[in-house]
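Architecture at a glance
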Amino acid sequence: MEKKIRIGERLIGEGERTFMVAELSANHLQDYRRAEETIRAAKAAGADGVKLQTYTPDTITMDCDNEYFQIKQGTIWDGTTFYKLYQEAYTPWEWQPKLMKLANELGMECFSSPFDFTAVDFMEEMRMPAYKIASFEIRDIPLIRKIARLGKPVIMATGIAYLEDIERAVRVCREEGNGQIVLLKCTSTYPTPYEDMNIKVLPNMAETFGCLTGLSDHSMGTAVAVAGVALGAKMIEKHFTLSRADGGPDAAFSMEPEEFRRMVDDVRIVEKALGEVTYKLTDKQEKSREEGRSLFVVKDMEAGEAFTEENMRSIRPAFGMAPRHYDEVLGRKARTSIKRGTPLSWEHVE
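In short, a report on the structure.

Conventions used here
- Residues numbered from 1 in each chain as written.
- Predicted model: local features only at pLDDT ≥ 70, side-chain atom pairs only at ≥ 80, totals over all residues.
- Heavy atoms only, no water.
- Helix = DSSP H or I, 4+ residues; strand = E, 2+ residues; numbered from the N terminus.
- Rg over C-alpha atoms; globule rule 2.2 N^0.38 Å.
- Buried < 20%, exposed > 50% of the residue type's maximum accessible area, 1.4 Å probe, protein only.
- Contact = heavy atoms within 4.5 Å.
- Areas by Shrake-Rupley, 256 points an atom, 1.4 Å probe, with all protein chains shown as cover.
- Lys, Arg positive; Asp, Glu negative; His and termini not counted.
- Charge placed at Lys NZ, Arg CZ, Asp CG, Glu CD.
- Phe/Tyr/Trp six-rings, centres within 6.5 Å; stacked < 30°, edge-to-face > 60°.
- 1 Å grid on protein atoms, 1.4 Å probe; cavity = no way out; pocket = protein on both sides within 12 Å on 5 of 7 lines; lining within 4 Å.
- Points joined across faces, edges and corners; volume = space filled by probe spheres on them.
- Nonpolar A, V, L, I, M, F, W, Y, C, P; charged D, E, K, R; others polar.
- Polar contact = N/O pair within 3.5 Å; in protein donor to acceptor, adjacent residues only side chain to side chain.
- Pairing = 2+ DSSP bridges.
- Salt bridge = Lys/Arg side-chain N within 4 Å of Asp/Glu carboxyl O.
- Arc of directions from axis to C-beta.

**Overview of the overall build of the chain**
Of the regular secondary structure elements, the chain holds 12 helices and 12 strands. For a compact globule of 350 residues, the expected C-alpha radius of gyration is about 20 Å, and the chain comes in at 30 Å, more than 25% above that figure. The dimensions of the chain, computed from C-alpha atoms along their principal axes, are 100 × 45 × 40 Å. Residues classed as buried in the chain amount to 49% of the 350 residues present. Residue pairs in contact within the chain that sit at least 24 positions apart in sequence constitute 65% of those at least 6 positions apart. For the chain, the accessible surface area stands at approximately 17,600 Å², while carbon and sulfur atoms represent 48% of it. When the 47 positive and 56 negative side-chain charges of the chain are each reduced to one mean point, those points stand 6 Å apart.

Structure follows, in structure tokens:
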């Protein structure tokens, strides 16, 4: 298993910060200035990377409105055709080198999802540092094989994949000598109901396939992403928009800047809290042990007097003998007189 992979200047994996990706998708609304503004907002919201989609209506589908090309799968896009949807949603290719340059200048990585061979070639001309296989392309083995041969990280969403689909896609990458794989747990419903997320899959996926894992999260809010990090996700991808109210094909399940910032902040807190597997105490915890329990004399005692339940108790603080010695001391005699409030030690016991 690759413990870490590199996307551009960023290391992703064990011991590294979770890679937070803002998916631009169709949220530019076919306005280049808005695309730039969205990328700047993503940076301000704490994104580490920006993801694009590289297709045209003609490279992802065909202009046909017979029954096969009508969208009627119970989605938010029902009632139109695939071609018409992608006409509205695609990111013009001539924008993409400029958007990538902007992201890089802002200190973010930029990569994309290609949907056919020509898109892969175009992305290579741009020298993109990684490739994302979208959920609906995970069964396109020739596309995955072409991408794997490039030797760059391959990030695969699993939103419509059976177990055997994931196995085949991972095997193809490794057959081409490419083990730089990140599997993204994904549920391809938009937005995703929380009960359908099943993010407990994350650690099992990492163990089963020996891959880094992440989350392509189409649920609303920040909770699922934050929980995913606690379960081992090394990458979080969320659709990002300046405002859901502005509309667009993906607006309904996209995050606004303030929400993305809150998610990033919460993820960074969780990263600190996860820490490491250790039973050592911090200096503050060691000091706090003084507030624990110990054995104290709670009534004045004379030399030779027996220790009883009435004159000796386990109470806070912890400056006396450990409470585990209570039964050993009970019934034995005091070596000297002892004042009430004295922490008990073996020097007091005959």
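Read on for the rest.
**What about the packing of aromatic side chains?**
Applying the stated criterion across every chain yields a total of nine aromatic pairs. Aromatic pair Tyr-32 and Trp-95: ring centres 5.4 Å apart, planes at 70 degrees, arrangement edge-to-face. Within this pair, whereas Tyr-32 is found in helix H1 (residues 32-44), its partner Trp-95 is found in the loop between helix H3 (82-89) and helix H4 (96-105), the two being separated by 63 residues in sequence. Tyr-32 gets classed as buried once you look at its relative accessible area, which sits at 19%. On the basis of relative accessible area, Trp-95 is assigned to the buried category, the value being 9%. Measuring from centroid to centroid gives 5.5 Å for Tyr-55 and Tyr-86, while their planes differ by 75 degrees, and the two rings are edge-to-face. Of this pair, Tyr-55 sits in the loop between strand E4 (49-54) and helix H2 (57-60) while Tyr-86 sits in helix H3, and the two are 31 residues apart along the sequence.

**Topic: the layout of surface pockets**
Its boundaries defined by the atoms lining it, the largest pocket holds a volume of some 810 Å³. As for the largest pocket, its lining consists of 37 residues, of which Trp-77, Leu-85, Tyr-86, Phe-136 and Tyr-190 are closest to the centre. When contributions to the lining of the largest pocket are tallied by element, the ones reaching two or more residues are E4, H3 and strand E10 (235-239). Within the lining of the largest pocket, the residues separate by chemical class into 19 nonpolar, 12 polar and six charged.

**Description of the side chain of Asp-48**
One can find Asp-48 in the loop between H1 and E4. Given a relative accessible area of 4%, Asp-48 falls into the buried group. At 3.1 Å, the side chain of Asp-48 and the side chain of Arg-268 are in polar contact. Discounting residues that sit within four places of it in the chain, Asp-48 has contacts with Arg-10, Arg-17, Thr-18, Phe-19, Met-20, Met-108, Glu-109 and Arg-268.

**Concerning the environment of Tyr-131**
Summarising the element assignment, Tyr-131 is placed in strand E6 (residues 131-133). For Tyr-131 and Cys-110, which are 21 residues apart along the polypeptide, the C-alpha to C-alpha distance reads 9.9 Å. Ignoring sequence-local partners within four residues, the contact set of Tyr-131 consists of Ser-112, Pro-114, Val-120, Met-123, Glu-124, Ile-147, Leu-150, Lys-152, Pro-153, Val-154 and Ile-155.

**Things to note about unusual backbone geometry**
The omega torsion across Tyr-190 and Pro-191 is -10 degrees, close enough to zero to call that bond cis. One can find Pro-191 in the loop between strand E8 (181-186) and helix H8 (201-209). Between Arg-316 and Pro-317 the backbone carries a cis peptide bond, its omega angle lying at 5 degrees. You can see Pro-317 is positioned in the loop between strand E12 (312-315) and helix H12 (326-329). Positive phi, close to 60 degrees, is recorded for Gln-30, a residue that is not glycine. Residue classification places Gln-30 among the partly exposed positions, given a relative accessible area of 32%.

**A few points about the pairing of strand E2 (residues 10-13)**
Where strand E1 (residues 4-7) meets E2, four bridges bridge the pair, whose relative direction is antiparallel. The residue bridging Ile-5 from the neighbouring strand is Ile-12, located in E2.

**Some words on the pattern of salt bridges**
With the rule as written, the count across this model stands at 21 salt bridges. Linking Lys-287 and Glu-290 is a salt bridge whose minimum nitrogen-to-oxygen distance equals 3.3 Å. In the salt-bridge network here, residues are joined through shared partners; they are Arg-10, Arg-17, Asp-48, Arg-268 and Glu-271.

**Details of H8**
For H8, the full list of buried residues reads Leu-202, Met-205, Ala-206 and Phe-209. Looking straight down H8, one finds its buried side chains confined to an arc of 100 degrees; they lie on one side. Buried positions along H8 lie against helix H7 (163-175), E8, strand E9 (212-216) and helix H9 (223-230). Two residues or fewer past H8, Gly-210 is found with a positive phi of approximately 60 degrees.

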